[in-house]
Amino acid sequence: MDHLQSVFSQVGSEIALLPDEIGLLESLLYAIPHPSTSLAGLRLTLVKRLLMQRTKASEAQVATWLDVAGTAYSEVGQPAQALLATQEAVTLYRELAERYPDRYTPDLAASLRVLTGLLEADDAWPRWQVAIEELRSSMARAHFGAELAKASHQAVPDRAAAALSTAADQATMPDDAGPRDFTVRTRLLVREVAAAFPAAGLPPWVTDPLPDKHLNAIGVLEQGLIDPARLADALVEHADVVGEAGLLHTIELAETVFATDLGSVRGLVEDAQARGLEVAAAELRDLASLQDVVRAWIGTPTWTESVDYLREHPQLRDDAVGSMLASAPGPVAQQHTAILHLANGMDLTDSDTAASLVEFLANPEVAADGAIERLEAGEIDAMTTTVLANPQTLDTPRGPLLLAVLLAARGEPGNAREVIAAFGPTLNPTQRRARVLSLRKLLASNPPSEVATALPDLIALLDNPSPNQPAGASEPGPEPDQAG
């Protein structure tokens, strides 16, 4: 330390010669050991140089410099100047915490703690109260209130207890002002203060213990949720903890403290405790095996192999597979869910039936025939399943008609009209008549109300082509759906 003091003393004599570069001056300032009364004068000289550049710095930088200045003034025996600098730092941090509570509330609290040390207790408390009341975010007020209780519990224990109780209430209020990590930091701070300074009437999430062995087991189980086999191993590995009655209470506490949803973990633990770990683990391993079968089915390279695999693995028709695919994101899972619906009731051991399903999945025109047939029969759900099972159906000449009806069924009549308005003028009169006939059959089939309401407009758009497409325009050559 003597060597450092010698070095910094030499630097001090040269400070006046340094350029007004904020980065350079800050680097020197923050390199000085602190606390160090013997080097306080050097820190004060540097921070004064920095404060002369305050118009070129951010508010956060200036607030930090003022904090340093307040401490340095106090260390060199100038309490009045220390009070002025720290008060200004508190003012700046209050403004910053108002705009960015998650980022600057801890800094505001730290600065106010310094100010408290420079004031008598009667003067300090009102300043804390004003700072809390001026914050709009309930989570920021909770953070600040916990800091207030921490700083004042020895001087004014009754007031501190009231502040901590209020902070605990505010920390669980719905608040969108800050990110989750600030919420977690605040709630952990409330627990920390309560552990060092017990107060009556605090809620269980503040006072009840969070055993490490419980938190560790919860974390392992939560990570295993994406993999049933891994989850089964985790259940067995932590069998003693999972069987403890207190684990469910810890899960409830952890949901509040860490602002997270542990519903799946809670359900797993409840099931394991109710039916036994071995039963729960066995079911998870069965589910993992079923997932392997589903992945292998989805990974088959051709539709012929896909249908063969479906025939050879009847467990793919279990309701669990449908639920598994329905909850999975992405078009591939959606398509295979639709294929299972199509195959329901089919005897795939019959070669002709299996071949017809392969043809349906491989040939968009064949799928389009089936979709139009279901459309005309008013079977909107079946039409939707058909399109989902072979999405290329929408790329066929009749695809826009199917898309328009799908949009109408989803309650999007405006988008349905846009589709018809865009592709209608590209059709020749024969094609338009065929599509109008399909929509009239659908209308006559008593379809769902949202579809029935949209159909007259769609029919009118097809009956009355755009002026840019004369009604008698020459017709192109035949296309696969020329008759319908």
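Residues numbered from 1 in each chain as written. Predicted model: local features only at pLDDT ≥ 70, side-chain atom pairs only at ≥ 80, totals over all residues. Heavy atoms only, no water.

*Asks:* It is not clear to me how the packing of helix α15 (residues 246–257) against helix α16 (residues 263–275) should be interpreted in this structure. Could you clarify?
*Replies:* For any two helices packed against each other, one specifies the crossing angle of their axes together with the interaxial distance. Between α15 and α16, whose axes approach to 10 Å, the crossing angle comes to 175°. Considered as vectors, α15 and α16 are oriented roughly antiparallel to each other. Along its contact with α15, which presents Leu 247, Leu 248, Ile 251 and Glu 255, the element α16 presents Gly 263, Val 265, Arg 266, Val 269, Glu 270 and Gln 273. (Axes fitted to C-alpha atoms, helices over the stretch in contact; angles between N-to-C directions. Helix = DSSP H or I, 4+ residues; strand = E, 2+ residues; numbered from the N terminus. Parallel < 35°, antiparallel > 145°, perpendicular 65-115°, else oblique. Contact = heavy atoms within 4.5 Å.)

*Asks:* Sorry if this is basic, but what is going on with the packing of aromatic side chains here?
*Replies:* By convention here, two paired aromatic rings are described through the distance between centres and the angle between planes. A full pass over the atoms with the stated rule returns 0 aromatic pairs. A cation over an aromatic ring shows up here: Arg 103 above the ring of Tyr 100, its NZ or CZ 5.1 Å from the ring centre. (Phe/Tyr/Trp six-rings, centres within 6.5 Å; stacked < 30°, edge-to-face > 60°. Lys NZ or Arg CZ within 6 Å of the ring centre and 35° of its normal.)

*Asks:* Sorry, what's going on with the packing of helix α12 (residues 212–224) against α16 here?
*Replies:* Taken N-terminus to C-terminus, the directions of α12 and α16 make an angle of 105°; their axes are 10 Å apart at the nearest point. Classed by the angle they form, the pair α12 and α16 counts as roughly perpendicular. Packed against α12, whose contacting residues are Ile 218, Leu 221 and Glu 222, the element α16 presents Val 265, Leu 268 and Val 269 at the interface. A breakdown of the residues in the contact of α12 with α16 according to their chemical character gives 5 nonpolar, no polar and 1 charged. (Nonpolar A, V, L, I, M, F, W, Y, C, P; charged D, E, K, R; others polar.)

*Asks:* Explain helix α4 (residues 59–75) here, please?
*Replies:* In an α-helix, one turn spans 3.6 residues; hence positions three or four apart end up facing the same way. Compared with an ideal rise of 1.5 Å per residue, which puts 17 residues at 24 Å, α4 spans 24 Å between its outermost C-alpha atoms and is within 8% of the ideal. Of all the residues in α4, the buried ones are Ala 60, Val 62, Ala 63, Trp 65, Leu 66, Asp 67, Val 68, Ala 69, Gly 70, Ala 72 and Tyr 73. Residue Gly 77 follows α4 closely and has a positive phi angle near 85°. (Expected span 1.5 Å × (residues − 1). Buried < 20%, exposed > 50% of the residue type's maximum accessible area, 1.4 Å probe, protein only.)

*Asks:* I'm lost on the environment of Glu 255 in this one. Help?
*Replies:* Mapping Glu 255 onto the fold places it in helix α15. Considered as a pair, Glu 255 and Trp 205 are 50 residues apart in the sequence and their alpha carbons are 9.2 Å apart. If we ignore the near neighbours within four places in the chain, the residues touching Glu 255 are Thr 260, Asp 261, Leu 262, Gly 263 and Arg 266.

*Asks:* Please clarify how the nonpolar core should be interpreted in this entry.
*Replies:* Soluble globular proteins: nonpolar side chains tend toward being buried together. The biggest cluster of nonpolar side chains holds 60 residues, and the ones touching the most others in it are Trp 65, Leu 164, Val 190 and Trp 205. Per-element accounting of this core gives the leading share, 9 residues, to α4. Among all residues touching Trp 65, those that are not within four sequence positions of it are Ile 22, Glu 26, Tyr 30, Val 47, Leu 50, Leu 51, Arg 54 and Ala 57. Grouped together as the second largest cluster of nonpolar side chains are 27 residues, Ala 416, Val 451, Ala 454 and Ile 459 included. (Core = buried A, V, L, I, M, F, W, Y, C linked by side-chain atoms within 4.5 Å.)

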